[in-house]
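For reference, the chains in residue letters:
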Amino acid sequence: SGDTLSKIASVNGTTYQKLMTLNNLKSTQIKVGQKLVVNQPTATVSKVVSNNTISTSKKVVAVANTFLGAKYTYGGSSPKAGFDCSGFITYVLNQSGKSTVRMTAAGFYSSSTKVSKPQVGDLVFFSGTSKQNISHVGIYIGNNKMISASGSQVQVANIYGNYWGKYFTGFGRI
């Protein structure tokens, strides 16, 4: 319940249209227990649509992806008002079923369990972007990339790239 072709596609790096084609679907409607072929980079695999198809961490990424391009607003914490980095994290976590109060990037850092091998959906922290301590937070989406509210909008960036690499601090799990 709650799974959609769009969510499954987003988690698996494809589009709902490709899922429809791969599975000869004439509608985007899917049913609990229905098996779907999902195109992945190395192989085609079957997945069963169930109440838990999208783990909480992957659901966090799926929800975050729906806000790509949303405007950046300092202090913002909603799609309508725009997001700053911590407002984006708070909103996405709450929409994904992980209830949390609004915190700063440093607050999320303090309340997270530090991890050296990040999983999709973990938080990524940076220091020194606007102040000396933890100053930015994003959501790890795999392949050394994150999604975060920065610059003028919610966007994907390489955490070790030219800009973010020099401020990278570490990963945390909520």
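The structure under discussion appears in the preceding block.
Summary of the structure given here. The model shown is predicted, which means the values in this text are computed figures rather than measured ones.

### Quick notes on the packing of helix 3 (residues 56-65) against helix 4 (residues 85-95)
The N-to-C vectors of helix 3 and helix 4 enclose an angle of 120 degrees; their axes lie 9 Å apart at closest approach. It follows that helix 3 is oblique to helix 4 by the angle criterion. Considering the relative orientation of helix 3 and helix 4, their crossing is right-handed. On helix 4, the residues that touch Val 60, Val 63 and Ala 64 of helix 3 are Phe 88, Val 92, Leu 93 and Gln 95.

### Quick look at the packing of aromatic side chains
Throughout the structure, instances matching the rule amount to twelve aromatic pairs. Through a chain of ring-to-ring contacts, the aromatic side chains of Phe 126, Tyr 140, Tyr 160, Tyr 163, Trp 164, Tyr 167, Phe 168 and Phe 171 assemble into a single cluster.

### Concerning the sheet that holds strand 7 (residues 134-142)
Reading across from one edge, 5-10-6-7-8-9 is the order of the six strands in this open sheet, with antiparallel pairing throughout. For this open sheet the edge positions go to strand 5 (113-115) and strand 9 (153-158), each flanked by a neighbour on one side alone. For this sheet, the mean angle separating the axes of adjacent strands, direction not counted, is 40 degrees. Judged from the five bridges that link them, strand 6 (residues 123-127) and strand 7 form a sheet pairing that is antiparallel. Each bridged residue has a counterpart across the sheet, and for Leu 123 the counterpart in strand 7 is Ile 139. Its contacts with the sheet place helix 4 against strand 6, strand 7, strand 8 (145-150) and strand 9, and it is angled at close to 45 degrees to strand 7.

### So, the nonpolar core
The biggest cluster of nonpolar side chains holds 22 residues, and the ones touching the most others in it are Phe 88, Ile 89, Val 92 and Ile 139. Listing elements by their share of this core, those giving two or more residues are helix 3, helix 4, helix 5 (105-111), strand 6, strand 7 and strand 8. In terms of residues, this core owes the most to one element, helix 4, which gives five residues. Beyond its immediate sequence surroundings of up to four residues, Phe 88 is in contact with Ala 64, Phe 67, Phe 83, Ile 139, Ile 147, Ser 148, Ala 149 and Val 154. In this structure, Val 124, Phe 126, Ala 157 and Phe 171 belong to the second largest nonpolar core, which totals nine residues.

Each value, and the rule that gives it
Residues numbered from 1 in each chain as written. Predicted model: local features only at pLDDT ≥ 70, side-chain atom pairs only at ≥ 80, totals over all residues. Heavy atoms only, no water. Axes fitted to C-alpha atoms, helices over the stretch in contact; angles between N-to-C directions. Helix = DSSP H or I, 4+ residues; strand = E, 2+ residues; numbered from the N terminus. Parallel < 35°, antiparallel > 145°, perpendicular 65-115°, else oblique. Left-handed = near helix turned anticlockwise from the far one by under 90°. Contact = heavy atoms within 4.5 Å. Phe/Tyr/Trp six-rings, centres within 6.5 Å; stacked < 30°, edge-to-face > 60°. Pairing = 2+ DSSP bridges. Core = buried A, V, L, I, M, F, W, Y, C linked by side-chain atoms within 4.5 Å. Buried < 20%, exposed > 50% of the residue type's maximum accessible area, 1.4 Å probe, protein only.

Just geometry here; none of it tells us what the structure is for.
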